[in-house]
Amino acid sequence: MLGFRRSTCSDGFAHGQSILECFTTLDDGDQIGWQLQGDQFRISGVFHSRKVRGPGATAERAAYAEQVHASWFQPDPALLGGRQLRPADSFNHFNPAFIYRYVRCVNLTVGELRELAIAVTSTAELHAREQARQDSELGGAEDELADGWWSAFEDDLTARLGMAGHDDLVGVNAGPYYAQVMGVDGEFLHCELVANEFLSAESHLDSSQEQAMQDRGWSSAGPNWSQDVPRADARSVAAEVLSALREVYRVDVKHLQPHGPTA
């Protein structure tokens, strides 16, 4: 669209009305943009993160929109021709991931729509570039801090495994996900990571994540993903469990909650 690199326009039909829309893709895969249906011109976002997806996550989705994309959802009134965004202090939603505010646009001419669409899409592209710049500046420092926290949790989990008896359960909870390690006998530890059978639909692993678990040597023969590992390899067990949570389950380190025996 007019040289906009990140934006894609499309049309469709839903609920007896035509739809015209244009969405700009952000570096994290989320999208912001506009959608025209009936007399509603919607300032919208489509947030694909599991943390803010689904009918049970509308509050989290709204908080994320306010915290991360406030300038997008509260633009300069001049951008929308002085029209008032509705609702002013909340959001509307289409589950599982769509969030929006809207202005009424009655009897728009083709020329007026073109002008509005170009202005709003330009703003979306600027927002995307600014977000990418901020993420680039913060990313290095945040990654280094996160690495330190993951390393500390690995030390903690290794210590808990070293103190665990045959009847002890050592584990890590992280939002909807969990890992647990149990003593099989004096020589082996039985490790499990939660599988889709015990997860709500919005938290399911997709096919690429399940393939990644298989590639890492986890078995899908039981209700959960599992491995049996020599007890002497407690450090390796801790490292693999946490690495799978981080790289496959895409868990944020802030959500880790270890449990099990401590000194």
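Our subject is the structure listed above.
Now for a quick tour of the structure. (Residues numbered from 1 in each chain as written. Predicted model: local features only at pLDDT ≥ 70, side-chain atom pairs only at ≥ 80, totals over all residues. Heavy atoms only, no water.)

Focus: the overall build of the protein
Then, in step 1: Helices and strands together make up the secondary structure of the protein, namely five helices and 11 strands.
Then, in step 2: Here the C-alpha radius of gyration of the protein, 23 Å, is well above what a compact globule of 263 residues would show, namely 18 Å.
Then, in step 3: Along the three orthogonal principal directions, the C-alpha set of the protein runs to about 80 × 40 × 35 Å.
Then, in step 4: Split into buried and exposed, the 263 residues of the protein put 41% on the buried side.
Then, in step 5: Taking contacts inside the protein between residues at least 6 apart in sequence as the whole, the part at least 24 apart equals 59%.
Then, in step 6: Total accessible area computed for the protein in this model is approximately 13,800 Å², and 51% of it derives from carbon and sulfur atoms.
Then, in step 7: Here the protein contributes 21 positive and 38 negative side-chain charges, whose respective centroids are spaced 9 Å apart. (Helix = DSSP H or I, 4+ residues; strand = E, 2+ residues; numbered from the N terminus. Rg over C-alpha atoms; globule rule 2.2 N^0.38 Å. Buried < 20%, exposed > 50% of the residue type's maximum accessible area, 1.4 Å probe, protein only. Contact = heavy atoms within 4.5 Å. Areas by Shrake-Rupley, 256 points an atom, 1.4 Å probe, with all protein chains shown as cover. Lys, Arg positive; Asp, Glu negative; His and termini not counted. Charge placed at Lys NZ, Arg CZ, Asp CG, Glu CD.)

Observations regarding empty space enclosed by the protein
Then, in step 1: Throughout the structure, instances matching the rule amount to one cavity of 30 Å³ or more.
Then, in step 2: Here the largest cavity is characterised by a volume of approximately 50 Å³.
Then, in step 3: Looking at the largest cavity, the residues that line it are Leu26, Asp27, Asp28, Ala128, Gln131, Ala132 and Asp135.
Then, in step 4: The class makeup of the residues in the lining of the largest cavity is three nonpolar, one polar and three charged. (1 Å grid on protein atoms, 1.4 Å probe; cavity = no way out; pocket = protein on both sides within 12 Å on 5 of 7 lines; lining within 4 Å. Points joined across faces, edges and corners; volume = space filled by probe spheres on them. Nonpolar A, V, L, I, M, F, W, Y, C, P; charged D, E, K, R; others polar.)

Quick notes on helix H5 (residues 234–247)
Then, in step 1: In this model H5 runs 20 Å from its N-terminal to its C-terminal C-alpha over 14 residues, within 8% of the 20 Å that 1.5 Å per residue would give.
Then, in step 2: Ala234, Val237, Ala238, Val241, Leu242, Ser243, Ala244 and Leu245 are the residues of H5 that are buried. (Expected span 1.5 Å × (residues − 1).)

Some words on the side chain of Gln227
Then, in step 1: Within the fold, Gln227 resides in strand S10 (residues 225–230).
Then, in step 2: Since its relative accessible area comes to 17%, Gln227 is described here as buried.
Then, in step 3: Looking at Gln227, its side chain comes within polar contact range of the main-chain oxygen of Arg216, at 3.4 Å.
Then, in step 4: Here Gln227 is in contact with Leu189, His190, Cys191, Arg216, Gly217, Trp218 and Glu240, once residues within four sequence places are set aside. (Polar contact = N/O pair within 3.5 Å; in protein donor to acceptor, adjacent residues only side chain to side chain.)

A word on the pattern of salt bridges
Working definition: two side chains of opposite charge can pair if their charged atoms are close together.
Then, in step 1: Under the criterion given, the structure shown has 11 salt bridges.
Then, in step 2: Residue Asp155 is joined to Arg235 by a salt bridge in which the shortest nitrogen-to-oxygen separation is 2.8 Å. Linking Asp155 in helix H3 (residues 110–163) with Arg235 in helix H5, this pair joins segments that are 80 residues apart in sequence.
Then, in step 3: Classification of Arg235 by relative accessible area gives partly exposed; the value is 38%.
Then, in step 4: The closest approach of N and O atoms between Glu247 and Arg216, which form a salt bridge, is 3.0 Å. Here Arg216 lies in the loop between helix H4 (207–215) and S10 and Glu247 lies in helix H5, a separation of 31 residues in the sequence. (Salt bridge = Lys/Arg side-chain N within 4 Å of Asp/Glu carboxyl O.)

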